[in-house]
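Summary of the model geometry
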Amino acid sequence: MLTALLVMSAIALALGAALGYSAIRLKVEGNPLVDKIDAILPQTQCGQCGYPGCKPYAAAIASGEADINRCPPGGEEGIRKLADLLGVEFKPFGNETAGPKPKSVAFIDENVCIGCTLCIQACPVDAIAGAAKQMHTIIASECTGCELCVAPCPVNCISMVPLPQTPQTWKWQYPVYTLAPVK
Ligand code: SF4
Ligand code: SF4
């Protein structure tokens, strides 16, 4: 019995050591540039850039596959930060993507909601509370404003409500002109 126990412990130890070693040796190093770009993106995972989330879009920018002006929730400030990071020219939103939008949260008209749960299934950040055949409601503090829940709602009772501007969220509304140094 003791022998069996010792053998089992030795095997477990060996396997543990092998796993630890392979975890170190076979570790896939992330692309630091992708991580830096992803850190600038708003993490709404909304797909408005045409990619299935912020990280895939960051990878596409890093590989040169995608331009820096495809993220509406990030707005012009996001484009400016990406341009600074990559050392490229600022590029306004193009025709192929929707322009910047005011920061918004979803709102459910609870009198109309039929409790089908389709919005819950669409929400990438679990910002909707509700149960089957029960009223659903938005947890505004969790909502990123990605709008992914709006389209699936069969009774169109979800609307996007712009958040009131605060000193923290206030942004300069007018174009920014870079002044050329006087020679
Ligand atoms: S509630 Fe709607 S808008 Fe808000 S994060 Fe979820 S899916 Fe996006
Ligand atoms: S998709 Fe619309 S009707 Fe269905 S639970 Fe959500 S809010 Fe209610």
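As shown above, the structure is provided for reference.
Quantities reported herein were computed from a predicted structural model and do not represent experimental measurements.

Regarding the overall build of the protein
For the protein, the helix and strand inventory stands at five helices and four strands. The order of α-helices and β-strands along the protein, N terminus first, is α-α-α-α-β-α-β-β-β. Considering the protein as a whole, with its 183 residues, one finds that 26% of them fall into the buried category. Sequence separation of 24 or more characterises 50% of the internal contacts of the protein that already satisfy a separation of 6 or more. Surface exposure of the protein reaches about 12500 Å², of which carbon and sulfur atoms provide 63%.

Observations regarding the site of ligand 2
Near ligand 2 you find 13 residues, and of these Cys 113, Cys 116, Cys 119, Cys 153 and Cys 157 are the closest. Of the residues contributing to the shell around ligand 2, the split by class is ten nonpolar, three polar and no charged.

Section: the nonpolar core
Among the nonpolar cores identified, the biggest contains 17 residues, and Leu 41, Tyr 57 and Ile 61 are the most heavily contacted of them. Among the secondary structure elements, those contributing two or more residues to this core are helix H2 (32–40), helix H3 (54–62) and helix H4 (75–86). The element best represented in this core is H3, accounting for five residues. Setting aside anything within four residues of it in sequence, one finds Tyr 57 in contact with Leu 41, Cys 49, Tyr 51, Ala 66, Asp 67, Ile 68, Asn 69, Arg 70 and Cys 71. Counting residues in each nonpolar core, the second largest holds 14 residues, with Cys 113, Ile 128, Ile 138 and Cys 153 among its members.

Observations concerning the packing of aromatic side chains
What the rule picks out here adds up to one aromatic pair. Positioned above the aromatic ring of Phe 90 is the side chain of Arg 80, whose terminal nitrogen or guanidinium carbon lies 4.4 Å from the ring centre.

Concerning the pattern of salt bridges
Within the structure shown, the criterion is met by three salt bridges. Of the charged contacts in the structure, one is a salt bridge between Lys 81 and Glu 77, with a shortest N-O distance of 3.5 Å. Here Lys 81 and its partner Glu 77 are both found in helix H4, four residues apart, which amounts to about one turn of the helix. Since its relative accessible area comes to 38%, Glu 77 is described here as partly exposed.

About the thresholds
Each residue is numbered by its place in its chain's sequence as written, counting from 1. A letter from A marks each chain and a number from 1 marks each ligand, given out in the order of writing. Two thresholds apply to this predicted model, a pLDDT of at least 70 for residue-level local features and 80 or more for giving and counting side-chain atom pairs, whereas whole-chain, interface and lining totals are computed over all residues. The side-chain quantities take in all heavy atoms of the structure and omit both hydrogens and water. Put simply, DSSP marks the helices as runs of H or I at least four residues long and the strands as runs of E at least two long, and each gets a number from the N terminus on. Here's how the labels work: a residue is buried when its accessible area is under 20% of the maximum for its type, exposed when over 50%, partly exposed in between, all with a 1.4 Å probe on protein chains only. Here, residues are in contact when the closest pair of their heavy atoms is within 4.5 Å. With residues, only the protein chains shown are counted as cover, and all accessible areas are computed by Shrake-Rupley using a 1.4 Å probe. Summary of the distance rule: residues count as near a molecule or strand when at least one heavy atom falls within 4 Å of that molecule or strand. Basically, the charged four are Asp, Glu, Lys and Arg, the nonpolar ten are Ala, Val, Leu, Ile, Met, Phe, Trp, Tyr, Cys and Pro, and anything else, Gly included, counts as polar. Nonpolar cores were defined as sets of buried Ala, Val, Leu, Ile, Met, Phe, Trp, Tyr and Cys residues, with membership established by side-chain atoms within 4.5 Å. Under the pairing criterion, centres of Phe, Tyr and Trp rings, with the six-membered ring standing for Trp, must be within 6.5 Å; the plane angle then separates stacked pairs below 30 degrees from edge-to-face pairs above 60, leaving the rest tilted. Two conditions define a charge sitting above a ring: the NZ of Lys or the CZ of Arg must be within 6 Å of the ring centre, and it must be within 35 degrees of the ring normal. The salt bridge criterion pairs a side-chain nitrogen of Lys or Arg with a carboxyl oxygen of Asp or Glu, the two atoms within 4 Å.

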